[in-house]
Structures are given as structure tokens and as C-alpha cells.
Amino acid sequence: PNGLLLWTGGDEMSPASYFLLLGLENGILHFRFNFGNGEGGVGFKETKTDDGKRHRLRATRIEQTATLRVDNGPIVTDASPGKLRQLNGNGQLFIGGVEEIEQLPVPQFRKGFIGCISELSVGKLFALDLLNRAKNGQNVDSCRETFDF
């Protein structure tokens, strides 16, 4: 299935907008971004993540280069075009969906994530308490030990 895992970006939702996202497309994990010179990113095709099992993923971005790894698989890398290296975002981080998802500039991720995100670390912030730190949420609950997706 398809679904948006993580999104941060500017206030404008247009095909040319700045963004950084993690999403699933047909069970394949994608890490995509646009800093103003066009979209770049990487997909992890070695492991499908829509199998009902827990997976650990690591996505990093240094300047224009993105890396992505799922479980203990290989690290895949790609870069965005142009010279711009900084995301001009609004400081908001969305997990599992966004408020106006039909306006998302990347059409294949215009569906909210259905599943479990049990832990999230961003930069030097480890194991964020997603349920208690959320500013807003819809259809959100704690993860179960078993999954029936």
C-alpha cells in the first residue's frame, strides 16, 4: 500500500514547494526531498515494508545527498539536482499524514499511513514520545504487538 510516513515542508503546497518526506509506495520505502532545484531522493527496493512485521529504517540527508537503509539491508544513496542544500520549512513535522493531504505536491503519497510507528528519533532527539508530544492527531493510538494490515 501507499502512505505518507513523515512530512516537513513550507507553507505552500505546490509542485515546486520545498519538502522532505518518507513514504510508502506499493510497499517500497521512499525518502524524497526538494530544496528548490527539483526533487531528489531514494527508494529502498530490497525490502518491502508492508508485510505486517516490524522494520527499522534509517534515513539521513547531508546537504544534497540522501541515504536510506531498512533493517540490516544495504545503504542506498542518491542526490538532489542543483546547488541548493537547505530546506526552507515552516518548522512543523507531520507523522503519518498532513492536514491537507490532497494538496501534497507528490501525488503517490496523498494517503495517510495505516500501521504503526513505534519509535521516532530526529537528529539528536531520540525516541520521541509521539502520543504525548503531538500538537494534534486523528485516528492515532498506541502500537499493538500484533498487526493485521
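Residues numbered from 1 in each chain as written. Predicted model: local features only at pLDDT ≥ 70, side-chain atom pairs only at ≥ 80, totals over all residues. Heavy atoms only, no water.

**Some remarks on the overall build of the chain**
Let me state the cut-off plainly: Elements are defined by DSSP. Helices are runs of H or I of four residues or more, strands are runs of E of two residues or more, and each kind is numbered from the N terminus. Think of it in three bands: residues with accessible area under 20% of the maximum for their type are buried, residues over 50% are exposed, and the middle band is partly exposed, with areas taken using a 1.4 Å probe on protein chains only. We call two residues in contact whenever any of their non-hydrogen atoms come within 4.5 Å of each other.
Along its length, the chain carries 1 helix and 8 strands. When the helices and strands of the chain are placed in sequence order, the string is β-β-β-β-β-β-β-β-α. Taking all 149 residues of the chain together, 34% fall into the buried category. Sequence separation of 24 or more characterises 53% of the internal contacts of the chain that already satisfy a separation of 6 or more.

**Side note on the pairing of strand β5 (residues 57-62)**
This is how the line gets drawn: We treat two strands as partners when DSSP finds at least two bridges between them.
Relative to strand β6 (residues 65-70), β5 is paired through 6 bridges, and the arrangement is antiparallel. Among the inter-strand pairings, Arg58 is bridged to a residue of β6, identified as Arg69.

**Some words on the packing of aromatic side chains**
The criterion, for reference: What counts as a ring pair is set by centres within 6.5 Å for rings of Phe, Tyr and Trp (its six-membered ring), and what kind of pair is set by the plane angle: stacked under 30 degrees, edge-to-face over 60, tilted for all other angles.
Scanning the model with the defined rule gives 2 aromatic pairs in all. Relative to Phe19, the ring of Trp7 lies with its centre 5.3 Å away and its plane at 15 degrees, an arrangement referred to as stacked. In this pair, Trp7 sits in strand β1 (residues 3-9) while Phe19 sits in strand β2 (residues 19-25), placing the two residues 12 residues apart along the sequence. Judged on exposure class, the residue Trp7 and its partner Phe19 are both buried.

**Observations concerning the nonpolar core**
To keep things clear, this is the line we draw: Residues enter a nonpolar core if they are buried and are Ala, Val, Leu, Ile, Met, Phe, Trp, Tyr or Cys, with the set joined through side-chain atoms within 4.5 Å.
Leu22, Leu29, Phe31, Val42 and Leu68 are the most contacted members of the largest nonpolar core, which totals 16 residues. Secondary-structure elements contributing two or more residues to this core are β1, β2, β3 (28-34), β4 (39-44) and β6. Beyond its immediate sequence surroundings of up to four residues, Leu29 is in contact with Leu5, Leu22, Gly23, Leu24, Val42, Gly43, Phe44, Leu57, Leu68 and Val70. Residues Leu4, Trp7, Val98 and Ile101 belong to the second largest nonpolar core, which totals 10 residues.

**Some details on unusual backbone geometry**
A positive phi is found at Asn26, a non-glycine position, where the angle reads about 55 degrees. Its place among the elements puts Asn26 in the loop between β2 and β3.

**Re the side chain of His30**
As a reminder of what qualifies: A 3.5 Å cut-off defines polar contacts: any pair of N or O atoms within that distance qualifies, except that in protein one atom must be a possible hydrogen donor and the other a possible acceptor, and neighbouring residues in sequence count only when both atoms are side-chain atoms.
One can find His30 in strand β3. Within polar-contact distance, the side chain of His30 engages the side chain of Glu25 at 3.4 Å. Setting aside anything within four residues of it in sequence, one finds His30 in contact with Leu21, Leu22, Gly23, Glu25, Val42, Gly43, Leu68 and Phe109.

Honestly, it's all geometry; don't read function into it.
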